[in-house]
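Overview (structure and organization)
Spelled out, the chains give:
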Amino acid sequence: MGVIFIPVGLVTLRASHCVIIHSMVVEIVDRYDIDCVPEPSRMDKVSYIQDDSIPKNCSRFMKVHKYMKAPIYIYYQLDNYYQNHRRYVKSRSDKQLLDGQKYHDTSSCQPVESNNNRPIVPCGLIAWSLFNDTFKFIREGAELIVNRKNIAWKSDRGHKFGKNIYPFNFQNGTLIGGGKLNPEIPLSDQEDLIVWMRTSALPSFRKLYGRIEEDLDVDDVVVVNLMNNYNTYSFGGKKKLVLSTSSWLGGKNDFLGHACVFVGCSSLSLAIIFMLLHVKYRRPYGDMSYLPWNRKSFSG
Amino acid sequence: MTRGRIRARLRLSHLYTFACTRPEATEEGPHSIEGPGYSRIVHCNQPLMHKKKPFKYRSNYISTTKYNFFTFLPKALYEQFHRVANLYFLAAAIVSVTPLSPFSAVSMIAPLVFVVGLSMAKEALEDWRRFMQDVKVNSRKVKFHKGEGVFDYKSWKKLQVGDVVKVEKDQFFPADLLLLSSSYEDGICYVETMNLDGETNLKVKRALEVTLPLDEDASFKNFTGKIKCEDPNPSLYTFIGNFEYDHEVYALDPSQILLRDSKLRNIAFVYGVVIFTGHDSKVMQNATKSPSKRSRIERKMDYIIYVLFSLLLVISLVSSIGFAVKTKFDMPDWWYLQPQNTDDYYDPRKPVLSGVTHLITALMLYGYLIPISLYVSIEVVKVLQATFINQDIQMYDEETGNPAQARTSNLNEELGQVDTILSDKTGTLTCNQMDFLKCSIAGTAYGMSSSEVELAAAQQMASDLEDQDVERSTDFRQKGKQQEIELETVVISKDEMVHKSPIKGFSFEDSRVMGGNWLNEPNADVIMLFFRILAICHTAVPELNEETGSYTYESESPDEAAFLVAAREFGFEFCKRTQSSVFVRERYSASGQTIDREFKLLNMLEFTSKRKRMTVIVRDEDGQILVLCKGADSIIFDRLSKNGRLYEEDTTRHLNEYGEAGLRTLALAYKRLGESEYSAWNNEFQEAKTTIGADRDLMLENIAEMMEKDLILVGATAVEDKLQKGVPQCIDKLAQAGLKIWVLTGDKVETAINIGYACSLLRQGMKQVCITEISSDAKEVVKENILLQITNASQMIKLERDPHAAFALIIDGKTLAYALEDDVKQQFLVLAVQCASVICCRVSPKQKALVTRLVKEGTGKTTLAIGDGANDVGMIKEADIGVGISGVEGMQAVMASDFSIAQFRFLERLLVVHGHWCYKRIAQMVCYFFYKNIAFGLTLFYFEAFAGFSGQSIYDDWYMLLFNVLLTSLPVISLGVFEQDVSSEVCLQFPAVYQQGPKNLFFDWYKILGWMGNGLYSSLIIFFLNIIIFYDQAFREEGQTASMPALGTTMFTCIIWALNCQIAFTMSHFTWIQHLFIWGSIATWYLFLFVYGRLSPSISGNAFQILVEALAPAPIYWLATLLVTIACNLPYLAHISYQRCFHPLDHHIIQEIKYYKKDVEDQRMWTRERSRARERTMIGFSARVDAKIRQLKGKLQRKQPSSEIHSPARSS
């Protein structure tokens, strides 16, 4: 029986080998939500962020500690943000995203369904709370080109967000949530929105912002000019900016490798243990002395 | 009708001494019938009177169905939602149309409709079968009086109260009838009440004197009468009524009533008036609804469901409290949810209300812990298992064409857990057919054939000795060989006999007495006397078969018929009976010359169970008066004269041998009587016969006693109460399987003990504990005495040192009545459980049920009752499993049973093979079900902790819907249907494997909790490994991060793989079907995902193109699947490896043996193991052979010093 553990163990170990060798991913994380609030406002960050009159400009410096090969992915990361809350997840209308105002039954979009008796496109809490921090990257005085195309799934762009549907009556209400949308651009090209509307599974998540298609060398310093618009202060959520390369397995994923090693090792060691036990306390196959009528303790 | 007329001249009532004495009708006068309970009035032969009120009674249509066309829907629905689980799902389905539901409504309602619909379809099917059965009964035809003296057929259901019917021989009575007249002149008829009380002896019914002239069709032309009687009631043995005929009123009593479902025997026809029809008839009034039985596993399953319910409640409460807390304290800050604009479900200002409503949501969300599909899967599996049982060709009886039938599929797995079998005797163990097999005449034993028991034992012994041959010393081998040879001859002689055309009731084989050769035997005159006693001393009636010219005999007991057949074969053919004479055609040689002799019948003292003997006094042609007597050996031996004991010693020895061989024995004796002696006695006898009063019977008995003494012993007969085919072997195997077998019979103690021997339930050297009642008037005294006997016996068993000692408990009905009383029954049960076999004699149907209940409730073990007659119905209904024998006798037992088989021997296969399999299948299936639902359901809960307890599920609705319906259901069903740990042959070779069921090794709490723990472990692994792997990083080279649908789908993929691999490891028997289902399920999942992703996004939503675009190109998806699957199954693999290495179970070893083909290579070892497997059993002929071998060995060792080796005496 122990034999079965051996191939299992070998396969997993082999897999872990691949994982560890190939996942040489470089990642830079910068938390900016606190530092981007000016000292005087730090006592009351919420009113700071809600005050439109204060400019929200902020500059961050990111030092590259290891060579980063293009493409370098830019993510924004939010913590303690329940994009997976049931109320939130439900509050959208896939049909409206595809068909626009032609589709009337948007009750699922409660409470952001209409404004001034006119429907909102795109409706729902998810769209309404669109992330609206923006980032600009400058290296050695020159702006790094950020490719913000093709950050959303192709199928989403092609089939779920209408090509001729334009934002309408969006963010015109009394309550202003997150970012605004350019009403000139059809939904299928609003990739930030499309990415945002792919709700995350966990309350801490990263979303793709764009790609830098230039390599970054060691000790390069990247200046990030960002607009700190999005309110995470009300609920104490963190905001982070992440630059990361990717491998065939995606991002930096040390755990997967470790897990594979662990599982592989444990199945190999189980195999060895059972082999040893088997050799030591050998029980001939089909040994009759184990049958109940031959067992001494058998009663009844 | 010639036969009828010959008969008509007989007035059988004059023949009998004790029974059948007609009380004078005028003596009693009519019953005074007034007041409530006696309202029924029947106008005989005027069915028109009963067409309208107030004389319109129920029709003769019977219905045993549960539902009818209109009540089916409401009633069946009610039944379905009686189940707690279904009710829960109904509630969930109702809530699912409100916004509270975490799922879409259709995903809740569809499975419920499916489950309930399927169960209801099953109910409908079963009820339809019952309906068809009813239709069959209702459309039986009977002759009724159409008017003007003409009789015509009509179906039973159309019969009306007041109809005059004519029932012919061997027909069932269509309703409760008043007997008017029979083809016998004195209005007597024989009735077999097998279906009512299971008694096989015929009952005599007699018509009133006044109606005797109505014995022709034409005489009913102007017949009218009026019956006033009691209202319908269930008492079989009472009837009160008055019959008004010709302006006179006569009293009616039960002996004029012919009950529905009893059968007319030995009489050409009877006329009767219908009194009670349909459901008013006594037998239908007796019918009780069969209780719905549930198997032990199913009952335990309820507990598990309760456990899961509590778990569900706990995690729902945790969820809702968590939700309320989050809503109250955190949600006001979550501006992106617009907390100021919420409805009640998410209102931070009303956290309690939100919490409570969320509780409902949570209960539904985690509903996956309670497997809704469990019930439906089990139903499906059981129906399929039942189909296997029904289709099993090895349980198909070719003679009757009856297959085994699982009438309810609820109890399949219970078959694998039976501990005690309670069996009826007649019709179940025996065929109720007697075979004359051996006799001992004048101290010489005749008859070479061996009984089935001997034969079975001989074969067993031969194979055993062959086996021992190899191992034992030469001494022993010789001994073995000799015995073997002897046994072989026995076997061969039996084989020869089979080739001859068998004569029913006669299997005798001995050339010394056959074909007239007895004349050359030394004691020819005694032999002749012996045959004459057989031919004369009986109460049977001959019947000429006109085609063959030979006679057949109709008698009250089958023994007598066997004797008469034997006598005929010996050349003493009983051919005619008149009022006063018996005619015997004697043939002395093979030449065929015959002499008709007439024996004048002077007196007949017939057999009663109390007297245990029968005597006739005849005068032969020479004028010599002979007293011919047959009876139980002990009775006869007590009444022998001093010079009549010449053959006593030899005969006793033979009787013991016969008894050991399981034969029914009777001793025959005679004496000659002088004329004067006789007339003196006869005067006294006649005087006693005519006295009227209470002590008449006693006087008659005393006078009979005077005649039946100083007898001369002639010999003894041995009749085989023919066991059903394969019964000894079956009992043997069942005993090896560790089952206890109790025989509950309505028969006499002696008969029962004989059968006990025949079935090897008893054997020589077994200590018999007989509990009997002392004759005392005071109930207290009797009871105390019985209690004392029970305690003594228990004490004796306790003190027994010999490990091979076996005890048998024998108890009769009257004693049982005391033993079953509340204060004694516990002690009785303790004693009975210690005994290897228990035989209860003369028990009533009700007592059978009571004993069954006692065993069931007292020991808490599973009981199985098997029987064929209506008298077993109570027992069959009471027991955990009722098995009916679908033999020739009525259908009551079968109708009440859960399983029906054609013969007792199929019970072996039903239990040891199907029972064992079904038990394991269902046990493993249920365990796996809980495992899989826990593994799945808990991941939902973990996710809640990450989703603010909001009730969001990480999986798409459709995944969840398909999880139980499509993706994991088929493998588990194939496990439940096809799994077998060992093949059926091995099951039969090693019945001890069956013990796994009664010991409940596969469904104890240890096992269940183990599986649940495994489920918990799997859920943790699946959820957290996936969460950590997909936490916040991009999962593809293109940098995309995992959204909720991607993570959910990956997790679900892991679940599908892990669960299906787990079930693959659980199975030990694979056919292509299992492979198809298991790997097909996984393939289906990918296929579904592909197709679902292909659909328009308005249907598939977030799962649009998920496999093709997002997951499949990402290696991490496949790697995670692999890793999680391995991690989930690792502990289980380690567990089974450990178990196989160090604590192997029986079937593991046998699997190994089979796998390495050891049995083929090492035949001897195989047989040795098989014989060793038998060693522990106390009953069955294996045990008997073993006991005998031990005995022989013991003898041999004692003889060892003397070098001579005797041929072993088989008679020892």
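The residue count restarts for each chain, going from 1 along the sequence in the order it is written. Written order decides the labels, with chains lettered from A and ligands numbered from 1. For this predicted model, a pLDDT threshold of at least 70 governs which residues receive local features, and a threshold of 80 or more governs which side-chain atom pairs are given and counted, while totals over whole chains, interfaces and linings are taken from all residues. To obtain the side-chain values, all non-hydrogen atoms of the structure were included, while hydrogens and water were left out.

Going by the annotation in an unreviewed UniProt entry, the name recorded for chain B is Phospholipid-transporting ATPase, with Gossypium aridum given as the source organism. Quoted verbatim from the Sequence similarities (unreviewed entry) field of UniProt, the annotation for chain B is "Belongs to the cation transport ATPase (P-type) (TC 3.A.3) family. Type IV subfamily." Quoted verbatim from the Catalytic activity (unreviewed entry) heading of the UniProt record, the comment on chain B is "ATP + H2O + phospholipidSide 1 = ADP + phosphate + phospholipidSide 2." UniProt positions are given in the numbering used here, feature names are shortened, and annotations may be inferred rather than shown by experiment.

Looking at an unreviewed UniProt entry, chain A carries the name ALA-interacting subunit, with the source organism given as Gossypium aridum. Chain A has a UniProt comment under Sequence similarities (unreviewed entry) that states "Belongs to the CDC50/LEM3 family."

This paragraph deals with helix 18 (residues 696–707) of chain B. Spacing of three or four residues puts side chains on the same side of an α-helix, whose turn is 3.6 residues. Secondary structure elements are taken from DSSP: a helix is a run of H or I of four residues or more, a strand is a run of E of two residues or more, and numbering for both begins at the N terminus. Take the number of residues in a helix, subtract one, and multiply by 1.5 Å to get its expected span. For helix 18 of chain B, which comprises 12 residues, the first-to-last C-alpha distance of 17 Å matches the rise-based estimate of 16 Å (1.5 Å per residue) to within 8%. Residues count as neighbours in contact if any of their non-hydrogen atoms are within 4.5 Å of one another. Contact partners of the buried residues in helix 18 of chain B: strand 22 (594–605), strand 23 (613–619), strand 24 (625–631), strand 25 (664–673) and helix 17 (675–690) of chain B.

Residue and element names in this part refer to chain B. For our purposes a nonpolar core is just a set of buried Ala, Val, Leu, Ile, Met, Phe, Trp, Tyr and Cys residues, chained together by side-chain atoms within 4.5 Å. Only protein chains enter the accessibility calculation, which uses a 1.4 Å probe. A residue is then buried if its area is under 20% of the maximum for its type, exposed if over 50%, and partly exposed in between. By size, the foremost hydrophobic cluster in this structure holds 134 residues, and its most contacted members are Tyr955, Tyr959, Phe1003, Phe1035, Phe1052 and Trp1085. For this core, the leading source of residues is helix 27 (residues 906–946), giving 18 residues. Apart from the residues within four sequence positions on either side, phenylalanine 1003 is in contact with Ile297, Lys300, Met301, Ile304, Tyr919, Ala923, Val926, Cys927 and Ile1008.

A few words on the UniProt feature "active site" (unreviewed entry) in chain B. All names here are of chain B. Feature annotation in UniProt places "active site" (unreviewed entry) on Asp424, given in this structure's numbering. Of note, aspartate 424 is situated in the loop between strand 15 (418–423) and strand 16 (430–441). On the accessibility criterion, aspartate 424 (4% relative accessible area) is buried. Those residues within four positions of aspartate 424 in sequence are excluded, and the remaining contacts are Leu429, Leu744, Lys848, Ile866, Gly867, Asp868, Asp872 and Met875. In protein, a polar contact means a hydrogen-donor-capable atom and an acceptor-capable atom, both N or O and within 3.5 Å, with residues adjacent in sequence counting only if both atoms are side-chain atoms; elsewhere, any N or O pair within 3.5 Å suffices. Here the side chain of aspartate 424 touches threonine 428 through a polar contact of 3.2 Å, side chain to side chain.

Residue and element names in this part refer to chain A. Pairing of aromatic side chains requires ring centres within 6.5 Å, counting the rings of Phe and Tyr and the six-membered ring of Trp. Pairs whose planes differ by under 30 degrees are stacked, by over 60 edge-to-face, and all others tilted. This model, assessed by the stated rule, comprises 68 aromatic pairs over all chains. For the pair phenylalanine 131 and tyrosine 230, a centre-to-centre distance of 5.0 Å together with 55° between the ring planes defines the contact as tilted. Taken together, the positions of phenylalanine 131 in the loop between helix 5 (125–128) and strand 6 (134–139) and tyrosine 230 in the loop between strand 10 (221–227) and strand 11 (239–244) put the pair 99 residues apart, joining distant regions of the chain. In this structure, phenylalanine 131 and tyrosine 230 share a single accessibility class: buried. In this structure, arginine 148 is placed above the aromatic ring of tyrosine 209, and the distance from its NZ or CZ to the ring centre is 3.9 Å. Lysine NZ or arginine CZ positioned within 6 Å of the ring centre and within 35 degrees of the ring normal marks a charge as sitting over the ring.

Here the focus is the sheet that holds strand 23 of chain B. Residues and elements named next belong to chain B. In short, DSSP must find at least two bridges between two strands for them to pair. What the 9 strands build is an open sheet, ordered 17-16-26-25-24-23-22-21-20; its pairing is antiparallel. Because the sheet does not close on itself, it has two edges, and the strands there are strand 17 (444–446) and strand 20 (572–577). Mean inter-strand twist for the sheet, computed between neighbouring axes without regard to direction, equals 30°. One ladder, built from 5 bridges, connects strand 22 with strand 23; its direction is antiparallel. By the bridge assignment for strand 23, leucine 601 is matched with valine 618. Each axis is a line fitted through C-alpha atoms, taken for helices only over the stretch in contact, and angles between the N-to-C directions span 0 to 180 degrees. Helix-sheet contacts for helix 13 (residues 524–536) involve strand 16, strand 17, strand 20, strand 21 (581–587), strand 22, strand 23, strand 24, strand 25 and strand 26 (712–723), and the interaxial angle to strand 26 is about 55°.

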